Amino acid sequence: MEFLTWLFPALVLLCTQQHRCIRAMTDIGDYIGSNIEISWLPNLDDLMKGYARNFRPGIGGPPVNVALAIEVASIDHISEVNMEYTMTVFLHQSWRDERLSYNHTNETLGLDSRFVDKLWLPDTFIVNAKSAWFHDVTVENKLIRLQPDGVILYSIRITSTVACDMDLSKYPMDEQECMLDLESYGYSSEDIVYHWSENQDEIHGLDKLQLAQFTITNYQFTTEMMNFKSGQFPRLSLHFHLRRNRGVYIIQSYVPSILLVAMSWVSFWISQSAVPARVSLGITTVLTMTTLMVSARSSLPRASAIKALDVYFWICYVFVFAALVEYAFAHFNADYMKKQKNKLKARRQSGEVNVKNAIVLFSLSIAGVHQELAISNRHHRIPRSLPGSYGTIEIETGETKLRSEMKLDRKSGLKSLFKPIDADTIDIYARAVFPAAFAAVNVIYWVAYTM
């Protein structure tokens, strides 16, 4: 009795599971039989019979028209050092191959990417590419669609590093033009003709791109025929016009340079006697400006062209160095004027001594004259010439004064041309001249490079 009690629930559970399994199989059969109809599909094996993928469609006849269209997924990196940019695009190519036309249905067939290996494909390549690769995660990123009239749409996802010649003479106020050139590698214009798709009025996805250093201002499509020794080859080009974002350079380069120049002007308000303070401030600003110049140039190519940022750095460097030279000049003038005052004081002291000596000599000469006159009166005669007489002394001292005055006039004329300026006066002039000159140079610089 207990055995039957355990057996009955087990039988009930087994029947329930069997019923569910049968129901699931019935649902799958209904789904396969009713919802999927594959009778309209053309037989691909019949289409591929006699198909030669090594020959282009309509060989011996008119060239194949290949329509190209591009969608930009991303522009990852733009390098000024290597003069290149990296771009990921979806390249769509469309052409007609009558050998693959079918009339079973009007539906367009979406085929597996492995079917691409059985078809003839245009040998399109990127002319100015340095490197490129296809994406294969999780499968090869290829799309192939076949229309009843034999029109094939082939789409692939490509990431390529493309060369871009840049003119850095106005860096960082520059605008660059980069190109993406597409061309047939082996087929000339007699076999294949490229043209932009009629739907390629704009590049999809380009308006959503956010670049770190640039802004895409404009783009255009061009078509040209390239002449080589092997023939004429059609080329399609996509031109990007890029404008560099200047905000980061203003913050990282221009503003620090302006602040360093303004810091060098602080020395004009420091006393001339504070030699260590003014010298250390001048040398510090010069060395800091040199470090800023070197660090900014390390991220740029060693091009022969002089860039706008280099010009500004050298302008600031000249002003910083001129502030240091101004103190040297002012200090030299201060020392020179101090020495001149000491010389003048010494001359005055020596002049006073000479005057005293002259008075003594003059008094002695007068005493000698009186003595000689007394002796001559005794002998009743007048001396013709009395050595050391007053008249002789007067004549000699007059000639000496005339010569000394002429020499002083000559020296004063030369000194007036190179008259030293007071050091404090030089600082006062520098406080006004340096900021005014720097402002004027900045106006000229920004007008020249931004207009």
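Asks: Looking at this structure, how should I read the packing of helix α3 (residues 247-264) against helix α4 (residues 275-297)?
Replies: To describe two helices that pack against each other, one gives the angle between their axes and the distance between the axes. One way to put it is that α3 packs onto α4 with a least axis distance of 9 Å and a crossing angle of 165°. Our classification of the angle between α3 and α4 gives roughly antiparallel. Like other packed secondary-structure pairs, α3 and α4 cross with a definite hand, here left-handed. Here α3 contributes Q252, S253, P256, S257, L260, M263 and S264 to the contact with α4, which in turn contributes L281, T285, T288, M289 and L292. Grouping the constituent residues of the contact of α3 with α4 by class yields 6 nonpolar, 6 polar and no charged.

Asks: Even after reading the chapter, I still don't get the nonpolar core, so can you show me in this structure?
Replies: Side chains of nonpolar character tend, in soluble globular proteins, to be buried together. If you look at the biggest cluster of nonpolar residues, it comprises 77 residues, and the most contacted ones within it are I70 and V72. Setting aside chain neighbours within four positions, we find V72 in contact with M87, T88, V89, I203, H204, G205, L206, L209 and F240.

Asks: Please clarify how the pairing of strand β11 (residues 231-244) should be interpreted in this entry.
Replies: Of all 14 residues that make up β11, 10 are buried, and the element is covered over most of its length. Two elements, strand β8 (residues 175-184) and β11, share 9 bridges in a ladder whose sense is antiparallel. For C178, the partnering residue across the bridge sits in β11 and is F240. Relative to β11, strand β10 (residues 214-228) is paired through 14 bridges, and the arrangement is antiparallel. For M225, the partnering residue across the bridge sits in β11 and is P234. In this structure, the hairpin formed by β10 and β11 is closed by a connection of 2 residues.

Asks: Help me out: how do you make sense of the state of the cysteines in this one?
Replies: Here a disulfide denotes a covalent bond joining the sulfur atom of one cysteine to the sulfur atom of another. In total, this model carries 1 disulfide according to the counting rule given. Bridging C164 to C178, the disulfide has an S-S length of 2.0 Å. Across the S-S bond of C164 and C178 the torsion is about -85°, and the bridge reads as left-handed. Placement of C164 in the loop between β7 (151-163) and β8 and of C178 in strand β8 is noted, with a sequence separation of 14 residues between them. A single burial state applies to C164 and to C178, both of which are buried.

Asks: Explain unusual backbone geometry here, please?
Replies: Glycine aside, residues mostly have negative phi angles, and peptide bonds mostly take the trans form. A cis amide bond, omega 0°, links V137 with the succeeding residue T138. Secondary-structure assignment places T138 in the loop between β5 (129-134) and β6 (142-146). A cis geometry characterises the amide bond from Y171 onward to P172, with omega recorded as 5°. Inspection of the secondary structure assignment puts P172 in the loop between β7 and β8. Positive phi, normally seen in glycine, also occurs at M83, with a value near 55°. With respect to the helices and strands, the residue M83 is situated in the loop between β1 (64-79) and β2 (84-96).

Asks: What exactly am I supposed to notice about helix α7 (residues 423-450) here?
Replies: Given 3.6 residues to a turn, an α-helix orients residues that are three or four positions apart in the same direction. Counted at 1.5 Å a residue, the expected span for α7 with its 28 residues is 40 Å, and the 40 Å between its end C-alpha atoms agrees. Along its length, α7 shows its largest kink, about 30°, at A430. Where α7 is concerned, the buried positions are A423, I426, D427, A430, F434, F438, N442, Y445 and Y449.

Asks: Teacher, can you tell me more about the pattern of salt bridges here?
Replies: Opposite charge on two side chains lets them pair, provided their charged atoms get close. Within this structure, the stated rule accounts for 11 salt bridges. Between D174 and R244 there is a salt bridge whose closest N-O contact spans 2.6 Å. Of the two residues, D174 is situated in the loop between β7 and β8 and R244 in strand β11; the sequence distance between them amounts to 70 residues. Residue classification places D174 among the buried positions, given a relative accessible area of 2%. We classify R244 as buried; its relative accessible area is 2%.

Asks: Please clarify how the packing of aromatic side chains should be interpreted in this entry.
Replies: By convention here, two paired aromatic rings are described through the distance between centres and the angle between planes. Enumeration over the complete set of coordinates arrives at 19 aromatic pairs. Relative to F438, the ring of W265 has its centre 5.8 Å away and its plane inclined at 80°; by these criteria the two rings are edge-to-face. Here the residue W265 occupies a position in the loop between α3 and α4, and F438 occupies one in helix α7, the gap between them amounting to 173 residues. Given the relative accessible area of 14%, W265 is considered buried. Feature note: the residues Y254, Y312, Y445, W446 and Y449 constitute an aromatic cluster, connected by ring pairs.

Asks: Sorry if this is basic, but what is going on with the sheet that holds β11 here?
Replies: The strands making up a sheet associate through backbone hydrogen bonding, with each pair oriented either parallel or antiparallel. The sheet built from 4 strands is open, its strands ordered β4-β8-β11-β10 with antiparallel pairing. The open sheet has two edge strands, β4 (124-126) and β10, and neither has a second partner. Strand-to-strand twist in this sheet, taken as the mean axis angle between neighbours without regard to direction, amounts to 20°.

Asks: Before we go on, may I ask you to explain a nonpolar patch on the surface in this structure?
Replies: On the surface, a cluster of nonpolar side chains totalling about 370 Å² of accessible area is made up of I250, I251, V255 and L259. Structurally, L259 can be placed in helix α3. Owing to a relative accessible area of 54%, L259 belongs among the exposed residues under this scheme.

Conventions we followed
Residues numbered from 1 in each chain as written. Predicted model: local features only at pLDDT ≥ 70, side-chain atom pairs only at ≥ 80, totals over all residues. Heavy atoms only, no water. Axes fitted to C-alpha atoms, helices over the stretch in contact; angles between N-to-C directions. Helix = DSSP H or I, 4+ residues; strand = E, 2+ residues; numbered from the N terminus. Parallel < 35°, antiparallel > 145°, perpendicular 65-115°, else oblique. Left-handed = near helix turned anticlockwise from the far one by under 90°. Contact = heavy atoms within 4.5 Å. Nonpolar A, V, L, I, M, F, W, Y, C, P; charged D, E, K, R; others polar. Core = buried A, V, L, I, M, F, W, Y, C linked by side-chain atoms within 4.5 Å. Buried < 20%, exposed > 50% of the residue type's maximum accessible area, 1.4 Å probe, protein only. Pairing = 2+ DSSP bridges. Disulfide = S-S within 2.5 Å. Expected span 1.5 Å × (residues − 1). Bend = angle between axes of the 7 residues up to and from the residue. Salt bridge = Lys/Arg side-chain N within 4 Å of Asp/Glu carboxyl O. Phe/Tyr/Trp six-rings, centres within 6.5 Å; stacked < 30°, edge-to-face > 60°. Patch = residues over 30% accessible without salt bridge, like charges linked within 9 Å, V, L, I, M, F, W, Y side chains within 5 Å. Areas by Shrake-Rupley, 256 points an atom, 1.4 Å probe, with all protein chains shown as cover.

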